[in-house]
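# Results of the structural survey
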Amino acid sequence: MKRMAQLFLLILFPLVATELVFAQTQPNEKKAASSQEPKGETLELGKSYATLRPEQARLIDGFIRSYNATTGSDLVPQQAYDNARLSIRTTFDAVTHALLNAKMTDSQGKSLGRAIDLVAAVDQVMGEESGARGDQQFRLYVYLKPNAVDILSRSQEFFRDKDNATYHKGFPISYRLKKGPPSIQFSISRDHKLSDVDVDYRASGFPKGLLNGHLTAANSDVRAGNNLALHDGRWSGLNGWWRDVFGQLGSGGSAPKETATERLGNIPMNPGVKEDQGVDKSAHDFLQSWVVGKQPNKSVAYLSRRSYPCLEVLAQKSTQPVPQGMIRLHTMLAMQKFSDSLGAVKSVADVFEPADKWSQASKPAKNAYSSEFRLVSLPVDMGEDEECVAIPAGESSKRSKEKYFATAFRGKNGDSRNKVMSLLWAQDGGYWKIIAIRLEDSSDAGLVPNNAALVVPAAEEPRNIAGDPASVKDITQFYQTWILKRDVTQASGFASQRSYQCLSAPSEDQKKLTPTARIQSALEQPLTRIRPSANLSDMMSGVQPVNDLLRPVQQENFRAFAIMAVPDQMADSFLCQNRHLPESSPDLKAADAKYGPYYLTASRFNYGEEQSPALLLLWTKEEAGWKIVSWAVELP
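Residues numbered from 1 in each chain as written. Predicted model: local features only at pLDDT ≥ 70, side-chain atom pairs only at ≥ 80, totals over all residues. Heavy atoms only, no water.

### Some points on the nonpolar core
Formed by 97 residues in total, the largest nonpolar core has its most connected members in I184, F186 and W425. The dominant element in this core, judged by the number of residues it contributes, is helix α4 (residues 86-101), at eight residues. Leave out the neighbours within four places in its chain, and F186 touches L99, A115, L118, L144, L152, F158, I173, S174, Y175, S195, D196 and V197. F494, L527, F605 and L615 belong to the second-largest nonpolar core, a separate cluster that totals 35 residues. (Core = buried A, V, L, I, M, F, W, Y, C linked by side-chain atoms within 4.5 Å. Buried < 20%, exposed > 50% of the residue type's maximum accessible area, 1.4 Å probe, protein only. Helix = DSSP H or I, 4+ residues; strand = E, 2+ residues; numbered from the N terminus. Contact = heavy atoms within 4.5 Å.)

See below:
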């Protein structure tokens with residue numbers, strides 16, 4: 001049998017992009033008549049395809065052409081857009097409207113075009129998605145033009161923000177529009193090809209960033225609160241056509257709740273197994289859904305966007321490359337064809353078996369499905385080397401503590417025994433997802449680093465540090481005073497005068513207040529949303545370090561707040577007066593890092609069913625004891 005080898009070719013070689021997002025329509029749709037309604041500013045622009053601006057229609061048209069080429073359908077753009085869920089249309093309209101109106105110029109004032117000119121094609125539009133985090137809703141995933149990052153870096157209107165470390169997994173490079181909110185954010189993949197684009201309507205400073213829902217979906221939902229007014233205040237002309245739709249639906253002017261989480265082909269947004277159930281169960285569910293359950297759509301949900309560059313490289317060998325935007329749909333169709341060819345299958349082990357060869361640098365991991373696939377944990381360096389886009393060596397000082405696992409299996413019959421499929425897994429949004437795929441001859445099987453001679457021993461988990469006892473005492477007293485006792489007057493005494501640099505420009509009613517009084521007011525606001533308790537850990541939770549050089553400090557309240565020793569060489573980058581400076585990436589080695597004068601604390605507050613963004617506080621010793629010299633709110 002050659003079915004397994006043929007499957008690998010079908011899946012891996014022709015692929016370039018991902019899933020359809022607009023209409024919940026199956027292949028072979030009948031063509032709908034195109035509307036002849038003229039476009040114009042007097043119409044409810046964005047409500048229907050007929051009222052889209054030419055630049056918006058171009059993106060829809062290109063997407064539907066790719067869909068039709070992939071599926072053999074004859075769907076028309078009007079049908080796709082007009083049948084889409086309401087939140088899909090409002091998101092597409094709001095984000096592209098902002099991009100249309102965001103003009104860019106270089107340092108000499110020469111035009112660099114508009115932000116929408118950076119977009120080559122649509123990959124996915126995320127509206128309201130049940131069970132998804134706020135940074136996974138109300139945004140566009142797009143393919144960028146080859147020169148997009150260069151233009152953003154030259155633009156006076158955008159600035160390169162700190163790299164995304166906690167949110168926007170797979171899209172670390174961040175550019176934000178200046179003078180917001182509202183502001184456009186481009187979160188970009190390392191290969192500069194894909195971007196997560198959204199509009200931030202909520203302020204990001206302290207305390208507003210902890211209170212105004214910046215971490216929630218409402219931050220990017222143009223329909224929420226006064227977001228439309230904020231949008232039109234910066235980019236006029238959006239007009240809020242959806243408010244009339246709300247009235248027609250009898251919802252009293254509020255957005256109707258949407259619970260849809262699936263796309264064309266019934267591909268779920270999230271896999272069926274959550275992260276805490278184990279990577280072995282996730283890998284089993286991927287295979288089980290595919291060949292036993294005959295539901296490859298559920299298997300495709302395990303593919304992360306981080307796997308796309310691997311597929312693009314393999315696609316170069318194909319004579320029939322898949323258009324941008326079609327990776328997941330095309331993969332599902334290929335997997336369905338293979339699954340159907342097998343007939344009835346009782347178990348995964350009837351089709352696949354574990355690969356029998358593996359790199360010695362990897363370690364076997366706990367695996368309840370050892371008869372189906374081999375599962376190993378990979379050292380951090382090896383995992384990073386096997387990602388589709390390698391992390392530059394110069395960024396070693398800020399690598400996240402990602403956990404990597406790999407599975408390897410082959411078909412049990414025929415020529416498929418000579419092919420091994422290796423999948424690299426990592427955590428993404430509460431799930432284990434596939435971030436890289438390799439297809440190899442059995443003689444070369446096993447994930448091995450691309451540059452084997454450069455392999456170094458696996459990076460260790462950040463080593464705990466005892467820390468200064470006085471710092472732990474003062475930091476603990478601050479949180480107990482502020483959150484437990486709710487004494488903002490005494491808590492404000494822990495703020496150094498150096499931290500006043502972090503205060504934003506005062507509003508009219510704040511101009512007569514002293515900096516201390518403004519800090520007290522800021523400390524008071526989160527308390528209104530935190531339910532009182534006798535235990536700090538009931539009201540807040542610690543956020544663990546994501547940088548190798550931040551060393552955790554051992555302390556008994558670690559569940560409520562994390563304390564991390566900061567290298568002296570990195571401390572300046574945390575100070576508010578340095579936030580406007582371009583991101584620098586010194587290649588600081590662990591052996592050269594010096595600790596002692598600075599500590600960073602990180603925590604989130606519990607607001608009932610949701611948590612706040614992370615509040616980061618930088619501490620150092622002054623004459624009166626340990627003081628807060630800087631603060632920041634870690635945002636999506």
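There is more to say, and it comes next.
### With respect to the environment of A470
Turning to its location among the elements, A470 is positioned in helix α14 (residues 469-484). Placed 155 residues apart in sequence, A470 and G625 show a C-alpha to C-alpha distance of 7.9 Å.

### What about the packing of helix α9 (residues 279-292) against helix α12 (residues 327-342)?
Axis separation between α9 and α12 bottoms out at 8 Å; the angle between their running directions is 60 degrees. The residues of α12 that touch α9, namely those facing F286, W290 and V291, are M335, F338, S339 and L342. In terms of residue class, the contact of α9 with α12 is made up of six nonpolar, one polar and no charged. (Axes fitted to C-alpha atoms, helices over the stretch in contact; angles between N-to-C directions. Nonpolar A, V, L, I, M, F, W, Y, C, P; charged D, E, K, R; others polar.)

### Focus: the confidence of the model for the chain
Predicted confidence across the chain gives a mean pLDDT of 79, with 75% of residues reaching 70 or more. Segment residues 443-460: pLDDT under 50, and 34 contacts once partners within four positions in sequence are set aside and those in other chains are kept. (pLDDT = per-residue confidence, 0-100.)

### Observations regarding the pattern of salt bridges
Pairing between side chains of opposite charge can happen when their charged atoms approach one another. Here the structure, examined in full by the defined rule, presents 16 salt bridges. Where R176 meets D161, a salt bridge forms, and the shortest distance between an N and an O atom there is 2.7 Å. A residue pair is termed long-range when its members are at least 10 positions apart, and R176 in strand β6 (residues 173-177) and D161 in the loop between β5 (158-160) and β6 qualify at 15 residues. No difference in accessibility class separates R176 from D161, as the two residues are buried. Of the charged contacts in the structure, one is a salt bridge between E386 and R438, with a shortest N-O distance of 3.2 Å. Of this pair, E386 sits in helix α13 (residues 380-386) while R438 sits in strand β14 (residues 431-441), and the two are 52 residues apart along the sequence. Assessed through its relative accessible area of 1%, E386 is described here as buried. Overall, the relative accessible area of 18% leaves R438 in the buried class. (Salt bridge = Lys/Arg side-chain N within 4 Å of Asp/Glu carboxyl O.)

### Observations concerning the pairing of β6
Burial of β6 is extensive: five of the five residues sit out of reach of the surface. Neither face of β6 is open: one carries I173, Y175 and L177, the other S174 and R176, and all of them are buried. For β5 and β6, the ladder comprises three bridges, and the chain directions are antiparallel. Within β6, the position partnered with F159 by the bridge is R176. By the bridge criterion, four bridges tie β6 to strand β7 (residues 183-188) in an arrangement that is antiparallel. (Pairing = 2+ DSSP bridges.)

### Points about the packing of aromatic side chains
Evaluated as defined, the whole model comprises 21 aromatic pairs. Residues F478 and W619 carry aromatic rings whose centres are separated by 5.5 Å and whose planes lie at 70 degrees to one another, so their mutual orientation is edge-to-face. Remark: W619 occurs in strand β20 (residues 614-622) and F478 occurs in helix α14; sequence separation between them is 141 residues. Among the residues examined, F478 registers a relative accessible area of 2% and is labelled buried. Between Y599 and W626 the ring centres are 5.3 Å apart and the planes differ by 65 degrees, which places this aromatic pair in the edge-to-face class. With Y599 in strand β18 (residues 598-607) and W626 in strand β21 (residues 625-634), this pair connects stretches of sequence that are 27 residues apart. There is no split in this pair, since Y599 and W626 are both buried. Pairwise contacts between aromatic rings join F286, W290, Y302, F338, F352, F409 and W425 into one cluster. Its end group placed over the ring of Y595, R551 keeps NZ or CZ at 5.3 Å from the ring centre. Directly above the aromatic system of F494 lies the positively charged group of K627, at a separation of 5.9 Å from the ring centroid. (Phe/Tyr/Trp six-rings, centres within 6.5 Å; stacked < 30°, edge-to-face > 60°. Lys NZ or Arg CZ within 6 Å of the ring centre and 35° of its normal.)

### Considerations on the environment of S341
As for its placement among the helices and strands, S341 is situated in helix α12. Measuring from C-alpha to C-alpha, the distance between S341 and V291 comes to 9.8 Å, with 50 residues separating the pair along the chain.

### Considering the sheet that holds strand β3 (residues 119-126)
Hydrogen bonds between backbone atoms are what pair the strands of a sheet, whose relative direction is either parallel or antiparallel. Reading across the sheet, the six strands line up as β3-β4-β8-β7-β6-β5 and stay open at both edges, with antiparallel pairing between neighbours. Two strands bound the open sheet, and with one partner strand each, they are β3 and β5. Within the sheet, the average angular offset between the axes of one strand and its neighbour, ignoring direction, is 25 degrees.

### Some words on the side chain of D285
Here D285 is to be found in helix α9. Every residue in contact with D285, bar those within four places of it in the chain, is listed here: G272, V273, S299 and Y302.

### A closer look at the state of the cysteines
Counted according to the given criterion, the structure contains two disulfides. Here C310 connects covalently by a disulfide to C388, the sulfurs 1.9 Å from one another. Sign of the S-S torsion, about -105 degrees for the bond between C310 and C388, identifies this disulfide as left-handed. A residue pair is termed long-range when its members are at least 10 positions apart, and C310 in helix α11 (residues 308-315) and C388 in the loop between α13 and β12 (404-411) qualify at 78 residues. Accessibility expressed as a relative area gives 7% for C310, which makes it buried. Each disulfide pairs two cysteine sulfurs, and for C502 the partner residue is C576, the sulfurs being separated by 1.7 Å. Taking the sign of the S-S torsion, about 90 degrees here, the bridge from C502 to C576 comes out right-handed. Taken together, the residues C502 in the loop between α15 (488-491) and α16 (515-527) and C576 in the loop between α18 (568-571) and β18 connect sequence positions 74 residues apart. (Disulfide = S-S within 2.5 Å.)

### Re the packing of helix α2 (residues 54-71) against α12
Packed helix pairs are characterised by how far apart their axes lie and by the angle those axes make with each other. Orientation of α2 relative to α12, taken along the N-to-C sense of each, is 10 degrees, at an axis distance of 10 Å. Looking at the two axes, α2 sits roughly parallel to α12. Between α2, through Y67, T70 and T71, and α12, the contact on the second element is made entirely by L329, H330 and L333. Broken down by class, the residue content of the contact of α2 with α12 amounts to three nonpolar, three polar and no charged. (Parallel < 35°, antiparallel > 145°, perpendicular 65-115°, else oblique.)

### Things to note about the side chain of S187
The topology assignment puts S187 in strand β7. On the accessibility criterion, S187 (0% relative accessible area) is buried. At 3.3 Å, the side chain of S187 forms a polar contact with the side chain of Q185. Setting aside residues up to four positions removed in sequence, S187 forms contacts with N164, H168, F171, I173, L194, S195 and D196. (Polar contact = N/O pair within 3.5 Å; in protein donor to acceptor, adjacent residues only side chain to side chain.)

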